[in-house]
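Chain residues, written in single-letter form:
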Amino acid sequence: MNKFLPAIVCGFAAGVLNIVPFVKNFTCCLIIPAAAVFSLILYQRSTKNFDVLKAGKCVVFGLLTGVFAALFGSTFEIIIVFVTKTSDISSTLPEVEKMIKDLPASPIWNEVMNLLYKISDEIKQSGFSILYTISIFTSSLIVNSIFGMVGGLIGMQILNKRIKTKS
């Protein structure tokens, strides 16, 4: 368990930052990769092993950090939506509809808007939508995992460079 604790801790921190209104805009491109780098730093310090890091281990730590960030962040997001009975979809629905009306006519756009309105209505009524929950978890898992692996590779470069300059 000690081996994966840095990924859990950094994933939790990134998941918490994922729900902060202004900060959430930087989650995928800055916070998740930074959390993966910090998880590698914490791993090295907890094991007291400052050898050159291998790409496979760094990718796994980045992936785990991204997965934990997605799980924690999505869970917190769903809880906040449940309590407040409002979501990003509900607040941006008029702009989405305006944008879709500007697209070339297609029957699929009507179905998309009907689905978005259904999700928004479910959230306003009960605070929960299974489709919204599934989409939040799925998109977060995919995006955070990819950027976590990128962050793991960036962390490998940074930490290996630090080791080589000390030698």
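To start, this report covers the structure provided alongside it. These numbers come from a predicted model, not from an experiment. The written sequence of each chain sets the order in which its residues are numbered from 1. This being a predicted model, a pLDDT of at least 70 is required before a residue's local features are given, and a value of 80 or more before pairs of side-chain atoms are given or counted; all residues contribute to the totals for chains, interfaces and linings. Excluding hydrogens and water, the side-chain figures rest on all heavy atoms present in the structure.

A pair of packed helices is captured by two measures, namely the crossing angle of their axes and the spacing between those axes. Angles run from 0 to 180 degrees between N-to-C directions of axes, and those axes are lines fitted to C-alpha atoms, restricted for helices to the stretch in contact. Only DSSP runs of H or I covering at least 4 residues are called helices, and only runs of E covering at least 2 are called strands; the numbering of each starts at the N terminus. In contact at an axis separation of 7 Å, helix H2 (residues 27–47) and helix H6 (residues 130–166) are set at 50° when each is read in the N-to-C sense. When the axes of H2 and H6 are compared, the pair comes out oblique. Where H2 crosses over H6, the handedness of that crossing is right-handed. Mapping the contact onto sequence places Thr-27, Cys-28, Cys-29, Ile-32, Pro-33, Ala-36, Val-37, Leu-40, Ile-41 and Gln-44 in H2 and Val-143, Asn-144, Phe-147, Gly-148, Gly-151, Gly-152, Ile-154, Gly-155, Met-156, Leu-159 and Ile-163 in H6. Note on terminology: angles under 35 degrees are roughly parallel, angles over 145 are roughly antiparallel, angles of 65 to 115 are roughly perpendicular, and the others are oblique. Put simply, a crossing is left-handed when the front helix is turned counterclockwise from the back one by less than a right angle, and right-handed when it is turned clockwise. Pairs of residues are marked as contacts when any of their non-hydrogen atoms sit within 4.5 Å.

Let's shift gears to the pattern of salt bridges. Only one rule defines a salt bridge in this text: a Lys or Arg side-chain nitrogen within 4 Å of an Asp or Glu carboxyl oxygen. The tally for this structure, following the rule as stated, stands at two salt bridges. The shortest N-O distance in the salt bridge between Lys-24 and Asp-88 comes to 3.2 Å. One end of the pair, Lys-24, is in the loop between helix H1 (5–17) and H2; the other, Asp-88, is in helix H4 (residues 88–102), with 64 residues separating them in the sequence. The class of Lys-24 is partly exposed, set by a relative accessible area of 24%. Shared partners join several salt bridges into a network, and the residues in it are Lys-24, Glu-77 and Asp-88. The cut-offs for exposure are 20% and 50% of the maximum accessible area for each residue type, with area from a 1.4 Å probe on protein chains only; residues under the lower value are buried, those over the upper are exposed, and the others partly exposed.

Here the focus is unusual backbone geometry. Negative phi is the rule for most residues except glycine; trans is the rule for most peptide bonds. Look at Lys-48: it is not a glycine, yet its phi comes out positive at around 55°. Given the relative accessible area of 66%, Lys-48 is considered exposed. Even without glycine at this site, Lys-85 takes up a positive phi of about 55°. Along the chain, Lys-85 falls in the loop between helix H3 (55–84) and H4. On the basis of relative accessibility, which here comes to 37%, the residue Lys-85 falls in the partly exposed class.

So, on to the nonpolar core. Soluble, globular proteins show a tendency: their nonpolar side chains are buried together. In this text, buried Ala, Val, Leu, Ile, Met, Phe, Trp, Tyr and Cys residues form a nonpolar core when linked through side-chain atoms within 4.5 Å. Of all hydrophobic cores here, the largest spans ten residues; its members are Ala-7, Val-37, Leu-40, Ile-41, Tyr-43, Leu-53, Cys-58, Phe-61, Met-156 and Leu-159. Sorting the residues of this core by element identifies H2, H3 and H6 as the ones contributing at least two each. The dominant element in this core, judged by the number of residues it contributes, is H2, at four residues. Contact partners of Tyr-43, with chain neighbours within four places excluded, come to Lys-3, Pro-6, Lys-57 and Phe-61.

Between its first and last C-alpha atoms H2 spans 28 Å; for 21 residues at 1.5 Å apiece the expected length is 30 Å, and the two agree. Inspection of H2 places Thr-27, Ile-31, Ile-32, Pro-33, Ala-35, Ala-36, Val-37, Ser-39, Leu-40, Ile-41, Tyr-43 and Gln-44 among the buried residues, and these make up the whole buried set. Where H2 is buried, its residues touch H1, H3 and H6. In the stretch just after H2, Lys-48 is the one whose phi turns positive, near 55°. Helix span, expected: 1.5 Å multiplied by one less than the number of residues in the helix.

So, about a nonpolar patch on the surface. Within this analysis, patches are made of residues with over 30% relative accessible area and no salt bridge. Like charges are joined at 9 Å or less; nonpolar side chains (Val, Leu, Ile, Met, Phe, Trp, Tyr) at 5 Å or less. Only the protein chains shown count as cover for residues, and all accessible areas are computed by the Shrake-Rupley method using a 1.4 Å probe. Judged by side-chain polarity, Ile-79, Phe-82, Val-83, Leu-115, Phe-128, Ile-130, Leu-131 and Ile-134 come together as a nonpolar surface patch covering roughly 750 Å² of accessible area. Sorting the residues of the nonpolar patch by element identifies H3 and H6 as the ones contributing at least two each. By secondary structure assignment, the location of Leu-115 is in helix H5 (residues 107–126). A relative accessible area of 40% places Leu-115 in the partly exposed class.

Examined against the element boundaries, Ser-74 turns out to sit in helix H3. For Ser-74, a relative accessible area of 0% translates into the label buried. When the C-alpha positions of Ser-74 and Phe-137 are compared, they lie 5.7 Å apart, and in sequence the two are 63 residues distant. Setting aside residues no more than four positions away along its own chain, Ser-74 makes contact with Ala-69, Ile-136, Phe-137 and Ser-140.

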